[in-house]
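# Residue-level structural notes
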Amino acid sequence: MMKFVLFTLFLCGFILEINGKSSSGAWLPEKKSLVACEGTVARLHCEEGQAIYVTSATYGRTDKKTCSARRPADQLKNTECFTYAEEVGERCNGKQWCKVKASNYVFGDPCYGTYKYLEVEYICYDSLVEGTLLLVSPAAAAAWILHHNKMKFVLFTLFLCGFVLEINAGRGFRKPKILRVACEESVAEIFCVNGSISVISATYGRSDQTTCSDGIPDEQTDNTDCATRADLVFQICEGKSACAVLVSSSVFGDPCVGTYKYLEVLYRCEIPFATE
């Protein structure tokens, strides 16, 4: 809880810092972006006296052109494949520079058989001296922003700080959905870097001809109307930080004999915050 409280105070102070700089005519922080192809290293860097703040990071594939050089077409056709790469922010926020490898080992594999890439957007902000804006009282903050007579920004600042505090005081913070796919006779590894697993859906079977099809005869991928609810995933994984499930008809039953199947699990990582 203390980490989130400090982040709340930092965020409110950071907005006040931006307001102060914009009133004096300085530019707002410039957004930077980078792409690292699977297997390469993403390097984030800020100037001396500045620190990184990641605003967006995803790992997967959303188009056919990015990181496509010398790659077969079947590794590029799935463009609805990504997971939120929260580990980038966890590793890089507050540092002058950092590096993160774009790999399934770091982020998991949101789409088996697809060549992926890491996309990161971040800003470089001036490092704050501990105890200046972080420990400012609400009354002093209100007086400071009212002095600049920017009412719209004042209201936005108060709303944003209040919203973050409301999340902190609530029962939990809901993260985006994550999709894991594991082919038949492999092991599905489902995990949360932070928080606990909350399974939304889990199915075993086949709903398309491309997923888990490498090296598989056509007659074993033709049946795309074949699925059963994988209730065992809920029993094994719900509420845990990590779990492993064998993807096999001996575990889930065989909804379509003769078809090569796979397990699809959609879940969230829930992070509860104490109210006291």
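Predicted model, so just to flag it, every value in this text is computed and none were measured.

## Things to note about the confidence of the model for the protein chain
Averaged over all residues, the pLDDT of the protein chain is 78; the fraction at 70 or higher stands at 70%. Taken together, the stretch residues 128–141 has pLDDT below 50 and engages in nine contacts with residues farther than four places along the chain or on a different chain. For residues 165–174, every residue scores under 50 in pLDDT, and the model assigns this stretch 23 contacts once sequence neighbours within four places are set aside.

## Brief notes about the side chain of Arg-180
Note that Arg-180 resides in strand E8 (residues 178–183). Of the buried charged residues, Arg-180 lacks a salt bridge, with Glu-87 as the closest side chain of opposite charge at 6.4 Å. At 3.5 Å, the side chain of Arg-180 and the side chain of Tyr-267 are in polar contact. Other than its neighbours up to four places away in sequence, Arg-180 contacts Phe-107, Gly-108, Asp-109, Pro-110, Glu-189, Phe-191, Leu-263, Glu-264, Val-265 and Tyr-267.

## Some details on the pattern of salt bridges
Using the criterion set out here, one finds five salt bridges in the structure. Note that Lys-116 and Glu-38 form a salt bridge whose closest N and O atoms lie 3.9 Å from each other. You can see Lys-116 sitting in the loop between helix H3 (104–107) and strand E6 (117–126) and its partner Glu-38 sitting in the loop between strand E1 (31–37) and strand E2 (41–45), a full 78 residues away along the chain. Looking at Lys-116, the relative accessible area reads 1%, which means it is buried.

About the thresholds
- Residues numbered from 1 in each chain as written.
- Predicted model: local features only at pLDDT ≥ 70, side-chain atom pairs only at ≥ 80, totals over all residues.
- Heavy atoms only, no water.
- pLDDT = per-residue confidence, 0-100.
- Contact = heavy atoms within 4.5 Å.
- Helix = DSSP H or I, 4+ residues; strand = E, 2+ residues; numbered from the N terminus.
- Buried < 20%, exposed > 50% of the residue type's maximum accessible area, 1.4 Å probe, protein only.
- Lys, Arg positive; Asp, Glu negative; His and termini not counted.
- Salt bridge = Lys/Arg side-chain N within 4 Å of Asp/Glu carboxyl O.
- Polar contact = N/O pair within 3.5 Å; in protein donor to acceptor, adjacent residues only side chain to side chain.

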